Amino acid sequence: MTPAPLDRVLLIGFMGSGKTSVGHRIAARLGWRFADFDDAIEAEAGSSVAEIFASRGEPYFRALEERVARRLLAERQVVLASGGGWAAAAGRLEGVPAGTATFWLQVSAPESLRRGSEAAGTRPLLARPDALEEAIRLIARRAPYYKEAMWAVDTERSSVEDVSAGILEILAREYPEIRAE
């Protein structure tokens with residue numbers, strides 16, 4: 001069975017897995033637009049993710065995230081980086097439109113926190129004294145949902161360039177109409 005023509009690439013995974021960095025590179029190579037769920041949420045809310053969590057709480061953030069995700073997933077020729085928790089809900093990936101290639105960018109909790117330490121002020125998880133334990137718990141809870149992606153890519157010891165090249169190879173193999181520049 002031939003897949004629907006590729007309209008979008010959706011990158012999911014835990015904080016620090018490389019969704020934004022890889023997404024920018026893939027979008028540039030495909031000549032497509034890049035959009036990050038968190039950036040779109042911040043633009044719509046007029047405040048940062050950390051501020052939304054602190055002032056309005058996680059349920060408000062998740063509702064806003066779902067609305068933004070629906071809007072972005074309706075676009076074509078776009079590479080999307082979801083928030084780390086967006087995909088961690090029953091049926092979330094099953095509900096993405098046809099023509100969406102989904103990739104789980106895998107990262108361990110310690111590597112996630114190491115990468116995220118540069119953005120400590122913008123990551124609510126990193127403000128906790130038990131950040132490593134919480135990251136381990138969240139990854140374990142979210143993994144069954146992340147596994148629903150079409151492909152899993154280990155980003156632990158790979159450069160952004162290598163991860164991006166691997167994803168582009170998969171896209172070229174699975175979607176003959178794709179030509180990365």
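In what follows, the structure referred to is the one given above.
Criteria and cut-off values
- Counting restarts for each chain: residues are numbered from 1 in the order of the written sequence.
- Only residues with pLDDT of at least 70 are given local features in this predicted model, and only at 80 or more are side-chain atom pairs given and counted; all residues enter the totals for whole chains, interfaces and linings.
- The side-chain numbers reported here are obtained from all heavy atoms of the structure, hydrogens and water having been left aside.
- Angular values range over 0 to 180 degrees, each being the angle between N-to-C directions of two axes fitted as lines to C-alpha atoms, with helices fitted over their stretch in contact.
- Runs of H or I in DSSP of at least four residues are treated as helices and runs of E of at least two as strands, each being numbered from the N terminus.
- Roughly parallel means an angle under 35 degrees; roughly antiparallel means over 145; roughly perpendicular covers 65 to 115; every other angle is labelled oblique.
- Helix crossings are classified by the rotation of the near helix relative to the far one: an anticlockwise turn of less than a right angle makes the crossing left-handed, while a clockwise turn makes it right-handed.
- Contact criterion: two residues are considered in contact whenever any of their non-hydrogen atoms come within 4.5 Å of each other.
- Each residue receives one of three labels: charged for Asp, Glu, Lys and Arg, nonpolar for Ala, Val, Leu, Ile, Met, Phe, Trp, Tyr, Cys and Pro, and polar for the others, Gly being one of them.
- Here the expected length of a helix is defined as 1.5 Å per residue gap, with one fewer gap than residues.
- Relative accessibility thresholds used throughout: buried, under 20% of the residue-type maximum; exposed, over 50%; partly exposed, between the two (1.4 Å probe, protein chains only).
- In this description, the arc belongs to the directions extending from the helix axis to the C-beta atoms.

Where helix α2 (residues 37-45) contacts helix α4 (residues 58-73), the axes come no closer than 9 Å and their chain directions differ by 110 degrees. With respect to each other, α2 and α4 are oriented roughly perpendicular. Classified by chirality, the crossing of α4 by α2 is right-handed. Here α2 contributes Phe37, Asp38, Ala40, Ile41, Glu44 and Ala45 to the contact with α4, which in turn contributes Phe61, Leu64, Glu65, Arg67, Val68, Ala69, Arg71 and Leu72. Of the residues in the contact of α2 with α4, the class split is nine nonpolar, no polar and five charged.

With that out of the way, let us pick up helix α7 (residues 160-174). Between the first and last C-alpha of α7 there are 21 Å, a value that for 15 residues agrees with the 21 Å anticipated at 1.5 Å per step. Looking only at α7, the buried set comprises Val163, Ser164, Ile167, Leu168, Ile170 and Leu171. Projected down its long axis, α7 shows its buried positions confined to an angular sector of 160 degrees, all on one face. Relative to its buried face, α7 has exposed residues pointing more than 90 degrees away, namely Asp162, Glu169 and Arg173. Considering only its buried residues, α7 is in contact with β1 (8-12), α1 (19-30), β4 (100-106) and β5 (151-154).

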